[in-house]
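Summary of structural features
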Amino acid sequence: MLSLVLPKGSLEKATLDLFSSADLSVRRGTDRDYHAAIDDPRVDRVRFLRPQEIPVYVEQGLFDLGITGRDWIEETGADVVSLGELEYSRATSNPVRIVLAVTQTNPAGGGGDLTDGVRVSTDTRS
């Protein structure tokens, strides 16, 4: 039996469309439910979680398979195997845009100028 974890948020609709096109429609009570089901005897459990949580849960064996962004795999350092890249991924064949924002009084002119221990935040909005 297979346990799946699917992403909430920006990848959610495209993931649901992908499963639907494969005749594996995901059913849940409301869009906010974290628990779901797929009418296939091979799929035992389906959950929706934040994409940044998925690599760690798969690494820990809580789920057999998860869909998330490659950035979250790298950022979490999770020891998982990437099986491929989905066409609807924002990262597919597109360059990464990085914006460095600091206070006006900060002397940093680029990422290399940041001192050790500086916290970096990421966002997936386009």
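Refer to the structure above for everything that follows.
To start, this report covers the structure provided alongside it.

1. What about the layout of surface pockets?
Roughly 160 Å³ of internal volume is contained in the second largest pocket. In terms of lining, the second largest pocket is formed by Leu2, Leu4, Leu18, Phe19, Ala22, Leu24, Ile38, Asp40, Arg42, Val43 and Leu65. By residue class, the composition of the lining of the second largest pocket is 9 nonpolar, no polar and 2 charged.

2. Remarks on the sheet that holds strand β1 (residues 2-7)
Each strand in a sheet pairs with another by means of backbone hydrogen bonds, the pair being arranged parallel or else antiparallel. A sheet is described by the order of its strands in space; here 5 strands give the open sequence β2-β3-β4-β1-β5, paired in mixed fashion. The sheet is open, and its two edges are formed by β2 (26-27) and β5 (65-66), each paired on a single side. Across the sheet, helix α1 (residues 12-21) touches β1, β2, β3 (35-38) and β4 (43-49), and the angle it forms with β1 is around 140°.

3. Quick word on the pattern of salt bridges
In this structure the tally under the stated criterion is 6 salt bridges. In this structure, Asp17 engages Lys13 in a salt bridge whose closest nitrogen and oxygen atoms are separated by 3.0 Å. One end of the pair is Asp17 and the other is Lys13, both in helix α1 and 4 residues apart, which spans about a single turn.

4. Notes on the packing of aromatic side chains
Overall, the coordinates contain 1 aromatic pair when judged by the stated rule. Ring centres of Tyr57 and Phe63 lie 6.5 Å apart, and the angle between their planes is 40°; on these two criteria the pair is classed as tilted. The partly exposed category is assigned to Tyr57, whose relative accessible area is 27%. Sitting above the plane of the Tyr34 ring, Lys8 keeps its charged end 5.1 Å from the centroid. Of note, Arg28 hangs over the ring of Phe48, and the distance from its end group to the ring centre comes to 3.8 Å.

5. What to know about unusual backbone geometry
Even without being a glycine, Asp23 presents a positive backbone phi close to 60°. With respect to the helices and strands, Asp23 occurs in the loop between α1 and β2. The exposure class of Asp23 is exposed, given its relative accessible area of 70%.

Reading the values: the criteria
- Residues numbered from 1 in each chain as written.
- Predicted model: local features only at pLDDT ≥ 70, side-chain atom pairs only at ≥ 80, totals over all residues.
- Heavy atoms only, no water.
- 1 Å grid on protein atoms, 1.4 Å probe; cavity = no way out; pocket = protein on both sides within 12 Å on 5 of 7 lines; lining within 4 Å.
- Points joined across faces, edges and corners; volume = space filled by probe spheres on them.
- Nonpolar A, V, L, I, M, F, W, Y, C, P; charged D, E, K, R; others polar.
- Pairing = 2+ DSSP bridges.
- Helix = DSSP H or I, 4+ residues; strand = E, 2+ residues; numbered from the N terminus.
- Contact = heavy atoms within 4.5 Å.
- Axes fitted to C-alpha atoms, helices over the stretch in contact; angles between N-to-C directions.
- Salt bridge = Lys/Arg side-chain N within 4 Å of Asp/Glu carboxyl O.
- Phe/Tyr/Trp six-rings, centres within 6.5 Å; stacked < 30°, edge-to-face > 60°.
- Buried < 20%, exposed > 50% of the residue type's maximum accessible area, 1.4 Å probe, protein only.
- Lys NZ or Arg CZ within 6 Å of the ring centre and 35° of its normal.

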